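Chain by chain, the residues run as shown.
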Amino acid sequence: MAQIQADEISQILREQIANYDSKVRVDEVGTIISLGDGIARIHGLDKAMAGELLSFPHGIAGLAMSLEEDQVGAVLLGDYTELSEGNEVKRTGRFSACPWAKP
């Protein structure tokens, strides 16, 4: 039976600790509460900003337009027929390029 070498175990643990990647990524996520006519109402995106691009399932994007106290209204940019209430929506932190906006 092989003997456990304390030095060997210590060295392996030190290497694993040294190579540990402690980056944490936090996404702000909301849920579609209603959907219709190319507009989605989303609950849970409290920090969304007007004009921010949102990421919907199936590669669909949306544009946050109506920021209310308990929900965000977003215009959907794509075929929204695959979306449904309860789908997850994520903030992207990116903003659309508005022709009227100053650079």
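Residues numbered from 1 in each chain as written. Predicted model: local features only at pLDDT ≥ 70, side-chain atom pairs only at ≥ 80, totals over all residues. Heavy atoms only, no water.

How should the overall build of the protein be read in this particular structure?
Helices and strands together make up the secondary structure of the protein, namely one helix and six strands. In the protein, the succession of helices and strands from N to C terminus is α-β-β-β-β-β-β. The contacts in the protein between residues at least 6 apart in sequence include a share of 57% that link residues at least 24 apart. Within the structure as shown, the protein displays about 7800 Å² of accessible surface, and the carbon and sulfur contribution to it stands at 52%. (Helix = DSSP H or I, 4+ residues; strand = E, 2+ residues; numbered from the N terminus. Contact = heavy atoms within 4.5 Å. Areas by Shrake-Rupley, 256 points an atom, 1.4 Å probe, with all protein chains shown as cover.)

What am I meant to see in the side chain of Asn-87 here?
Assignment of secondary structure puts Asn-87 in the loop between β5 (72-77) and β6 (88-95). Classification of Asn-87 by relative accessible area gives buried; the value is 18%. In this structure the side chain of Asn-87 is engaged in a polar contact, spanning 2.7 Å, whose partner is the backbone nitrogen of Ser-84. The residues contacting Asn-87, other than those within four sequence positions of it, are Gly-30, Thr-31, Ile-32, Pro-57 and Glu-82. (Buried < 20%, exposed > 50% of the residue type's maximum accessible area, 1.4 Å probe, protein only. Polar contact = N/O pair within 3.5 Å; in protein donor to acceptor, adjacent residues only side chain to side chain.)

Hey, could you run me through the side chain of Glu-28 in this one?
Mapped onto the fold, Glu-28 is located in the loop between α1 (6-18) and β1 (29-36). At 3.0 Å, the side chain of Glu-28 forms a polar contact with the backbone nitrogen of Lys-47. Polar side-chain contacts of Glu-28 include one of 3.0 Å to the side chain of Arg-91. Aside from chain neighbours lying at most four places away, what touches Glu-28 is Gly-44, Leu-45, Asp-46, Lys-47, Ala-48, Val-89, Lys-90 and Arg-91.

Would you explain the sheet that holds strand β4 (residues 61-67) in this entry?
The strands that make up a sheet are held in pairs by hydrogen bonds between backbone atoms, and each pair lies either parallel or antiparallel. Here six strands make up a closed barrel; going around it, the order is β1-β2-β5-β4-β3-β6 and the pairing antiparallel. Each neighbouring strand pair of the sheet contributes to a mean axis angle of 45 degrees, computed without reference to strand direction. Pairing of strand β3 (residues 52-55) with β4, which is carried by three bridges, proceeds in the antiparallel orientation. If you follow Ser-55 over to β4, its bridge partner there is Ala-61. (Pairing = 2+ DSSP bridges. Axes fitted to C-alpha atoms, helices over the stretch in contact; angles between N-to-C directions.)

What is the right way to look at the nonpolar core in this model?
Inside soluble globular proteins, nonpolar side chains tend to come together where they are buried. Ranked by internal contacts, the top residues of the largest apolar core, which has 14 residues, are Ile-42, Leu-45, Leu-54, Phe-56, Leu-83 and Val-89. No other element matches the three residues that β5 contributes to this core. For Leu-45, the contacting residues outside a window of four places in its chain are Glu-28, Val-29, Gly-30, Leu-54, Val-72, Val-89 and Arg-91. (Core = buried A, V, L, I, M, F, W, Y, C linked by side-chain atoms within 4.5 Å.)

Treat this as a map of the structure, not an account of what it does.
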